[in-house]
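# Structure assessment
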Amino acid sequence: SSGINAEYGDIFPISRSLFQPALLCCSATCRLTKFYNLSPDIPDKLAMVCMILLLLSLLSVCTPRSVEHVERVEYNTWELAMNLNPDDGHVMSYSTGWATDTFIGTYSEALTKDYLDREVWNKPVSYIAIVRHQAGEADAVKVFRFREGGRSMLSRFQDMDPGREVVTEGGPMQETVSKNAKNLHDDPIFSVDGDLAFNWGYGDNGHRIVLTGGNLSPVGSGDDNTHGLGNDYHCYPLTGETRSLHWQHEISNIIDCPGPDNWWGKCGSAPCLPTIQGNDKTDPTNACLKPGPVYGNYAIYVSSVASKFPGPGTKLKLKVESRVGKKEL
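What you are looking at is a predicted structure, and each value in this text was computed from that prediction instead of being measured.

Strand order across the open sheet formed by five strands is S5-S7-S8-S9-S12, with antiparallel pairing between neighbours. Both outer strands of the open sheet, strand S5 (165-166) and strand S12 (248-251), are each paired with one neighbouring strand and no more. In this structure, strand S8 (residues 205-211) lies alongside strand S9 (residues 229-232), joined through three bridges in antiparallel fashion. For Ile209, the partnering residue across the bridge sits in S9 and is Leu229.

The subject of this paragraph is a nonpolar patch on the surface. Taken together, the side chains of Phe103, Tyr107 and Leu318 present a nonpolar region at the surface, about 280 Å² in accessible area. By secondary structure assignment, the location of Phe103 is in the loop between strand S1 (71-84) and strand S2 (115-116). Look at Phe103 and you get partly exposed, because its relative accessible area is 35%.

The next subject is the state of the cysteines. Among covalent bonds in proteins, the disulfide is the one between the sulfur atoms of two cysteines. Taken as a whole, this structure holds two disulfides when the rule is applied. Across the disulfide from Cys257 sits Cys272; the S-S distance is 2.0 Å. Here the S-S torsion is close to 95 degrees, and the disulfide linking Cys257 with Cys272 is therefore right-handed. Of this pair, Cys257 sits in the loop between S12 and helix H6 (259-262) while Cys272 sits in the loop between H6 and strand S13 (275-277); the two residues are 15 residues apart in sequence, bridging distant segments of the chain. Of the residues examined, Cys257 reaches a relative accessible area of 0% and is grouped as buried. Here Cys267 pairs with Cys288 through a disulfide, and the sulfurs are 1.1 Å apart. Linking Cys267 in the loop between H6 and S13 with Cys288 in the loop between S13 and strand S14 (290-292), this pair joins segments that are 21 residues apart in sequence. By relative accessible area, Cys288 is classed as buried at 4%.

Across all of its chains, the model carries 12 aromatic pairs by this definition. Feature note: the residues Trp98, Trp121, Phe146, Phe157 and Phe198 constitute an aromatic cluster, connected by ring pairs. Here the guanidinium or amino end of Arg156 rests over the ring plane of Phe146, the centre of that ring lying 3.7 Å away. Positioned over the ring face of Tyr94 is Arg208, at 3.9 Å from the centre of the ring.

With omega at 15 degrees, the peptide bond leading from Asp161 into Pro162 counts as cis. By the secondary structure assignment, Pro162 is in the loop between helix H5 (153-158) and S5. Here the phi dihedral of Asn199 falls at roughly 55 degrees; this positive angle occurs in a residue that is not glycine. Assignment of secondary structure puts Asn199 in strand S7 (residues 196-202). When its relative accessible area of 2% is taken as the criterion, Asn199 is described as buried.

Here we come to the pairing of S8. Where burial is concerned, most of S8 is hidden: seven out of the seven residues are buried. Direction of pairing for S7 relative to S8: antiparallel, over a ladder of six bridges. Paired with Gly201 across the two strands is Gly206, which belongs to S8. Here S7 folds back onto S8, and the loop between the two strands holds two residues, one of which, Gly203, carries a positive phi near 55 degrees.

Further remarks concern the side chain of Gln248. With respect to the helices and strands, Gln248 occurs in strand S12. Classification of Gln248 by relative accessible area gives buried; the value is 3%. Every residue in contact with Gln248, bar those within four places of it in the chain, is listed here: Val91, Ser93, Ser95, Thr96, Asn231, Asp232, Thr242, Asp280, Lys281, Thr282 and Leu289.

By the element assignment, Arg132 lies in strand S3 (residues 127-134). Of the polar contacts made by the side chain of Arg132, one reaches the side chain of Asp187; its length is 3.0 Å. At a separation of 3.4 Å, a polar atom in the side chain of Arg132 contacts the main-chain carbonyl oxygen of Tyr295.

A full pass over the atoms with the stated rule returns nine salt bridges. Here Asp101 and Arg118 are joined by a salt bridge, their closest N and O atoms 3.1 Å apart. On the criterion of sequence distance, the pair formed by Asp101 in the loop between S1 and S2 and Arg118 in helix H4 (residues 118-121) is long-range, its members being 17 residues apart. Under the relative-accessibility criterion, Arg118 is labelled partly exposed at 42%. In this structure, Asp187 and Arg132 form a salt bridge, with 3.0 Å as the shortest nitrogen-oxygen distance. One end of the pair, Asp187, is in the loop between strand S6 (174-177) and S7; the other, Arg132, is in strand S3, with 55 residues separating them in the sequence. Via salt bridges that share partners, Arg132, Asp139 and Asp187 belong to a single interconnected network.

A few words on the nonpolar core. Core analysis: the largest hydrophobic core is formed by 32 residues, its most contacted members being Trp98, Trp121, Ile128, Met153, Leu196, Phe198 and Ile209. Breaking this core down by element, the ones donating at least two residues are S1, H4, S3, strand S4 (137-145), H5, S7, S8 and strand S15 (297-303). Ignoring sequence-local partners within four residues, the contact set of Leu196 consists of Ile128, Ile130, Phe144, Glu165, Val166, Val167, Thr168, Ile209, Val210 and Leu211. Counting residues in hydrophobic clusters, the runner-up holds 17 residues, among them Ala110, Tyr301, Leu316 and Val320.

Parameters and conventions
Residues numbered from 1 in each chain as written. Predicted model: local features only at pLDDT ≥ 70, side-chain atom pairs only at ≥ 80, totals over all residues. Heavy atoms only, no water. Pairing = 2+ DSSP bridges. Helix = DSSP H or I, 4+ residues; strand = E, 2+ residues; numbered from the N terminus. Patch = residues over 30% accessible without salt bridge, like charges linked within 9 Å, V, L, I, M, F, W, Y side chains within 5 Å. Areas by Shrake-Rupley, 256 points an atom, 1.4 Å probe, with all protein chains shown as cover. Salt bridge = Lys/Arg side-chain N within 4 Å of Asp/Glu carboxyl O. Buried < 20%, exposed > 50% of the residue type's maximum accessible area, 1.4 Å probe, protein only. Disulfide = S-S within 2.5 Å. Phe/Tyr/Trp six-rings, centres within 6.5 Å; stacked < 30°, edge-to-face > 60°. Lys NZ or Arg CZ within 6 Å of the ring centre and 35° of its normal. Contact = heavy atoms within 4.5 Å. Polar contact = N/O pair within 3.5 Å; in protein donor to acceptor, adjacent residues only side chain to side chain. Core = buried A, V, L, I, M, F, W, Y, C linked by side-chain atoms within 4.5 Å.

Rendered as structure tokens:
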């Protein structure tokens, strides 16, 4: 038995276990023939069985096998830092939330009302995604890379003096818009090109997020003609404090309508007026801030590593996974 095993094992070292049934069969045949008075045809039949087993073993070795590849899909994570709903009754103006290190809203209503996650707002990040969505389903996405990576959103928005900083570079790394998206012609994020600018102050006006492709009023101007997210037309832009409740509003659409020439002192008969989304302004009686339709909620996601955001149709959550690629194991 040991001799047979050694012999075949040397010939087929890679598949020794596959030949075990045939080897044991041969060994048993020899022993039965030697020690028992068997009918002459029995050893022949046993030998035939052994040969069949041996042939099957050879076939199992020679039959080609498919090679199995195991792959792991890798993801990066985006975290929801802020959500703006311009018609929920809470006004995220220039002075509210952005630079005050406070938690606003609730986790359960994070994508339906105004929301700011204090913990995420304090994390160092290098990428930002602005996602317009309808009831939590994305319909337009822009992703940018910060010029200065590794800083928190809080530190960026607290940097108001002198402010007026273009904080991203190279324009959007990603811009994807659903074919069914509406109201894009004057959207403050998706109708203009360029990079993001934070804390855009001029005169007594302040805007937290604007794009360089829109009108950026000069520092000494008071024309109330810049539009974006987190706005106040009567504030101290270098400190983030408001001067009254009359001009704070959350989201204003793109329009070229300078105040002095068109609507100051004549809001009821002006040829044009600043148009805001929804009704989120601190003074409902201010007719110079013209309410308009809500184009969607605007979610701000941030990440230290992710540079691509899932496209339109994505169901948003507090954390969104972005597929990076596959890695073969």
